[in-house]
Amino acid sequence: MVSTTLGQAQRMNAPRAIALCQCFNGALEFQAGHWKEAEAALLESIELYRELGAASGEALAWQRLGVLQTAQGQLDPAMNSFEEGMAVAERATMRAHCLARLYAAMTRNRLQAGDVDAASSYLALGLAMGQRHGNCATCDALLLPAAVSVYIAQGNCAMAEDFCTQLAQAAAKYSSRTWIAMARQAAGELAAAQGRLDEALRFYEEARAAFTAAGNEYDATRCRAALATLQTAAGTTTHE
């Protein structure tokens, strides 16, 4: 669908439509594990949005590029991309939405870098921004799982459980494979942190299946990695 729309936009020489399609293409290629193609699409989207003066689109494309770079372990370049997005977002019509998504992505980046304090600060900024502009499904999809991970990293499983509950309620409300997968993944992360290995294995397997069904190979692979780690831990516990 996106490739068809992109082709039509290119034939019509419609730069705004091309920029939008390439931003979506970048996200889809990332989820499919095609990272070179994702980067190329997002860079084209950023350039077109910049030429058009479309700050909201450019900020979102920078956010998605930073997420891609974070997944590749390019943590400092990713933060540079997020900072570019932050600067652009300040003049965007959808400023609050753009900033909330950027803060969520920066939270994930800092967690991966092992800087829990910075991750907590970015999460707080993101949650505050989300509260100001009201509930947004896309922002919540990024912020709620990030909150679970931050509170687990801080050893505060009570708060992590609260955000897990919010995520599960949202998944029930939206009834999409992606939301269900995110909720199960977060529940698996919390169960593992609490030593409930059997439950963690079940949650991660459910998340993997849902991500696979949604075509999100990147997060499905993350779930498989978590399952492998948990299976090793469960085997070790069994033999002890």
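The sections below set out a description of the structure shown in this document. (Residues numbered from 1 in each chain as written. Predicted model: local features only at pLDDT ≥ 70, side-chain atom pairs only at ≥ 80, totals over all residues. Heavy atoms only, no water.)

### Regarding the overall build of the chain
Thinking step 1. From N to C terminus, the chain includes 12 helices and 0 strands.
Thinking step 2. What you see in the chain, going N to C, is helices and strands ordered as α-α-α-α-α-α-α-α-α-α-α-α.
Thinking step 3. Here the C-alpha atoms of the chain give a radius of gyration of 18 Å, agreeing with the 18 Å that 2.2 N^0.38 yields for 240 residues.
Thinking step 4. Counting the 240 residues in the chain, one finds 46% classified as buried.
Thinking step 5. Considering only contacts in the chain between residues 6 or more positions apart, those separated by 24 or more positions represent 53%.
Thinking step 6. About 11,700 Å² of surface is accessible on the chain, with carbon and sulfur atoms providing 52% of the total.
Thinking step 7. Charge-centre separation for the chain: the mean point of 19 positive side chains lies 6 Å from the mean point of 24 negative side chains. (Helix = DSSP H or I, 4+ residues; strand = E, 2+ residues; numbered from the N terminus. Rg over C-alpha atoms; globule rule 2.2 N^0.38 Å. Buried < 20%, exposed > 50% of the residue type's maximum accessible area, 1.4 Å probe, protein only. Contact = heavy atoms within 4.5 Å. Areas by Shrake-Rupley, 256 points an atom, 1.4 Å probe, with all protein chains shown as cover. Lys, Arg positive; Asp, Glu negative; His and termini not counted. Charge placed at Lys NZ, Arg CZ, Asp CG, Glu CD.)

### Some remarks on the packing of aromatic side chains
Thinking step 1. This model, assessed by the stated rule, comprises 6 aromatic pairs.
Thinking step 2. Between Tyr103 and Tyr122, the aromatic rings sit 6.5 Å apart at their centres with planes inclined by 25 degrees, giving stacked as the arrangement. In this pair, Tyr103 sits in helix H6 (residues 95–112) while Tyr122 sits in helix H7 (residues 116–133), placing the two residues 19 residues apart along the sequence. The exposure classification of Tyr103 matches that of Tyr122, with both residues buried.
Thinking step 3. What links up through ring pairs into an aromatic cluster is the set Phe30, Trp35 and Tyr218.
Thinking step 4. The ring centre of Phe203 lies 4.7 Å from the NZ or CZ of Arg202, which sits over that ring. (Phe/Tyr/Trp six-rings, centres within 6.5 Å; stacked < 30°, edge-to-face > 60°. Lys NZ or Arg CZ within 6 Å of the ring centre and 35° of its normal.)

### So, the packing of helix H5 (residues 75–89) against H6
Thinking step 1. Running from N to C, H5 and H6 cross one another at 165 degrees; their axes reach a closest spacing of 10 Å. One element, H5, and the other, H6, form an angle in the roughly antiparallel class. Pair H5 / H6 crosses with left-handed handedness. Facing H5, whose interface residues are Leu75, Asp76, Ala78, Met79, Phe82, Glu83, Gly85, Met86 and Ala89, H6 presents Arg95, Cys98, Leu99, Leu102, Tyr103, Ala105, Met106, Asn109, Arg110 and Gln112.
Thinking step 2. Residue classes in the contact of H5 with H6 are distributed as 12 nonpolar, 3 polar and 4 charged. (Axes fitted to C-alpha atoms, helices over the stretch in contact; angles between N-to-C directions. Parallel < 35°, antiparallel > 145°, perpendicular 65-115°, else oblique. Left-handed = near helix turned anticlockwise from the far one by under 90°. Nonpolar A, V, L, I, M, F, W, Y, C, P; charged D, E, K, R; others polar.)

### Brief notes about the side chain of Ser149
Thinking step 1. Among the secondary structure elements, Ser149 is positioned in helix H8 (residues 137–153).
Thinking step 2. Within the structure, Ser149 has its side chain in polar contact with the side chain of Arg108 (distance 2.6 Å).
Thinking step 3. A polar contact of 3.0 Å, which involves the side chain of Ser149, links it to the side chain of Glu189. (Polar contact = N/O pair within 3.5 Å; in protein donor to acceptor, adjacent residues only side chain to side chain.)

### Notes on unusual backbone geometry
Thinking step 1. Positive phi is not limited to glycine here, since Ser175 has a value of about 50 degrees.
Thinking step 2. Considering the arrangement of structural elements, one finds Ser175 in the loop between helix H9 (157–174) and helix H10 (177–193).

### Quick word on the environment of Asn25
Thinking step 1. In this fold, Asn25 is placed in helix H2 (residues 15–32).
Thinking step 2. Overall, the relative accessible area of 14% leaves Asn25 in the buried class.
Thinking step 3. A C-alpha to C-alpha distance of 6.8 Å links Asn25 and Ala38, two positions 13 residues apart in sequence.
Thinking step 4. Engagement of the side chain of Asn25 in a polar contact is seen with the side chain of Gln22, the distance being 2.9 Å.

It is worth stressing that arrangement in space is one thing and function is another; only the former is reported here.
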